[in-house]
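# Per-entry structural report
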Amino acid sequence: METFYGYDDLIKHFFSKGQGHLFQHWNTLSEDERKSLFEELKSVDFALLTELQSLATSGHTMHDTFEPAPYISLKAGTDEYLHARAVGEEHIRKGKVAVFVVAGGQGSRLGYEGPKGCFSIGEVSGKSLFQIHAEKIVKYSRKYGVSIPWLIMTSEANHAATVGFLDKNANFGIPRNDLFIFSQGMVPSLDLDGKLVLESPTKLFKNPDGHGGSLTALKSSGVLRKLIERGIETISYFQVDNPLVKIVDPVFIGVHILHKAEVSSKGIPKTGPGEKIGVFVSYPDGTMGVVEYSDLPEKQANETDGDGKLRFLMGSPAIHLFQCAFIDKITSVGAINLPFHVARKKLKVWEQGIISEKEGLKFEKFVFDSLPLAKKSIVFEMRREEEFAPVKNLTGIDSVESSRKMMSDLYKEWLRKKGIEIPPAVEVVEISPLLAVEADDLPAIALPNQKKVYLA
Ligand code: UTP
């Protein structure tokens, strides 16, 4: 036992909790490495571990009774629409809106080395996702004569690369004091027997705690406090991989304010029962939520109403508005924590000097689990073609290809709306967000008759 000197209590504790395997290589470690492993293991939260282990065996609990959630649709140009827009614009002009992109994911499906936000998506310009988001903020700031804070959530694995990328590019025009970059929490992964695993001799295998970790990270980083002190009331939340998103949508913001909602969500009609997107539901207690596609029983996913329309029609593209006060409330000490969801994934684990792939369990929180905590939550219908083109894969559905095509199609729609002629040779159009974030921003211009056109 001499070699365990100074670490006995910790080691005994881990053995008593069935996690003694983490010390199998103890005798091969140097004193410094033992100290590192000790530091790493000291932070293990055994109450959380017990929660994760029970999730591993039973799965997450769900409400079993729910109905399709009601949703609000507004026809462009109607009085109601214009009123909502005016209310939203006033809110933006008063400097009450911040933009929040969650960018801590691992982007495994895309297979891109580096933060997904650095991925070049502009078909003609080659602009990255981060640049497109940043330039939209710059444009909205100019339009409304106000500074709009940009919040970016990263994770341990991509924080330094994200900061480095933005730094190198002068934050794409966002003033330093309007930029808030902070990392989300990490959560240990487990093997299929509920045991902790290592990624190196001295580090546990962990994964980012899901986009649901964003609300806690906002609070624990101190950013939420700073925003509230700055007079921000509304946070416009979206995912880094959607270049089409209207990051500051005055109509949506207006509807959110007029309904006094704590959380508002955009909804899009599903393309069919099999589309892999969560659906908005309402629960018997009057609250709303999202049921993940994998949790929606097939029978309900296929149910239609009298017109043949899906009953659970409204899908969630993960675009929300949160009241700062709501986030503050639900992340306060003693407030309800969002639940973890479990997924079976391949983990690259370190065992006895060898790294190998092993089936294991990753745990994540989902941001939409905050919806049922809201006293008032609404769903606002949007047009998919105008604002949802996620980049999840290289090709096929929700891919680089489909996203670029949707961008070009939307930009052509703007040109037509403004009566700008599209010459016959033009196949691809890209419009810089600095020029326009909606059709009405476009100046009268003549397009060159060439295959790819970039308007800036
Ligand atoms: P996805 O669930 O699509 O995950 O994240 P992903 O990591 O981007 O891609 P895959 O599944 O590994 O291929 C949706 C959004 O949530 C963010 C992502 O960065 C993306 O904007 N996210 C996800 C986080 O910020 N943190 C997480 O822990 C998970």
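These notes cover the structure that comes with them. Computed from a predicted structure; not experimentally measured.

Residues in close proximity to the ligand total 18 residues, the closest being V102, Q106, S108, Q184 and K392. Contact between the ligand and Q106: an oxygen atom at 2.7 Å from a main-chain N or O atom of the residue. Contacts to the ligand include K116, whose side-chain N or O atom sits 3.3 Å from an oxygen atom. Protein chains shield 87% of the accessible area of the ligand, which is 560 Å² for the free molecule. Residues of the shell around the ligand, tallied by class, amount to five nonpolar, nine polar and four charged.

On to the nonpolar core. In this structure, F130 and W150 are the most contacted members of the largest nonpolar core, which totals 44 residues. Only helix 4 (79-93), strand 2 (97-102), helix 5 (129-144), strand 3 (150-154), helix 6 (159-168), helix 9 (250-258) and strand 18 (377-381) provide two or more residues apiece to this core. If one sorts the elements of this core by residue count, helix 5 sits on top with six residues. Other than its neighbours up to four places away in sequence, F130 contacts A103, G117, C118, W150, I152, T162, F165, L166, F172 and V240. If you look at the next biggest cluster of nonpolar residues, it comprises 36 residues, including V102, L224, F280 and M314.

Before going further, it helps to examine the packing of aromatic side chains. Taken as a whole and assessed by the stated rule, the structure comprises 17 aromatic pairs. Centroid distance Y7 to W26: 5.0 Å. Interplanar angle 75°. Geometry classified as edge-to-face. With Y7 in the segment before helix 1 (8-16) and W26 in the loop between helix 1 and helix 2 (31-42), the pair connects residues that are 19 residues apart, well separated along the chain. Note on F14 and F23: the rings are 5.9 Å apart at their centroids and 85° apart in plane angle, and the pair reads as edge-to-face.

Further remarks concern the pairing of strand 17 (residues 354-365). Relative to strand 17, strand 6 (residues 190-191) runs antiparallel, the two being bridged by two bridges. Note on strand 17: the bridge partner recorded for D191 is G360. The pairing of strand 16 (residues 340-351) with strand 17 spans twelve bridges and is classified as antiparallel. The partner of R344 across the bridge, within strand 17, is L361.

Backbone geometry at A170 places phi at a positive 50°, although glycine is not the residue there. Turning to its location among the elements, A170 is positioned in the loop between helix 6 and strand 4 (179-183).

Let's shift gears to the side chain of K362. Its location among the elements puts K362 in strand 17. Of note is the side chain of K362, whose polar atom sits 3.3 Å from the side chain of Q106. Setting aside chain neighbours within four positions, we find K362 in contact with Q106, S189, F205, N207, H341, V342, A343, K345 and L347.

Rules behind the numbers
Residues numbered from 1 in each chain as written. Predicted model: local features only at pLDDT ≥ 70, side-chain atom pairs only at ≥ 80, totals over all residues. Heavy atoms only, no water. Near = heavy atom within 4 Å. Polar contact = N/O pair within 3.5 Å; in protein donor to acceptor, adjacent residues only side chain to side chain. Areas by Shrake-Rupley, 256 points an atom, 1.4 Å probe, with all protein chains shown as cover. Nonpolar A, V, L, I, M, F, W, Y, C, P; charged D, E, K, R; others polar. Core = buried A, V, L, I, M, F, W, Y, C linked by side-chain atoms within 4.5 Å. Buried < 20%, exposed > 50% of the residue type's maximum accessible area, 1.4 Å probe, protein only. Helix = DSSP H or I, 4+ residues; strand = E, 2+ residues; numbered from the N terminus. Contact = heavy atoms within 4.5 Å. Phe/Tyr/Trp six-rings, centres within 6.5 Å; stacked < 30°, edge-to-face > 60°. Pairing = 2+ DSSP bridges.

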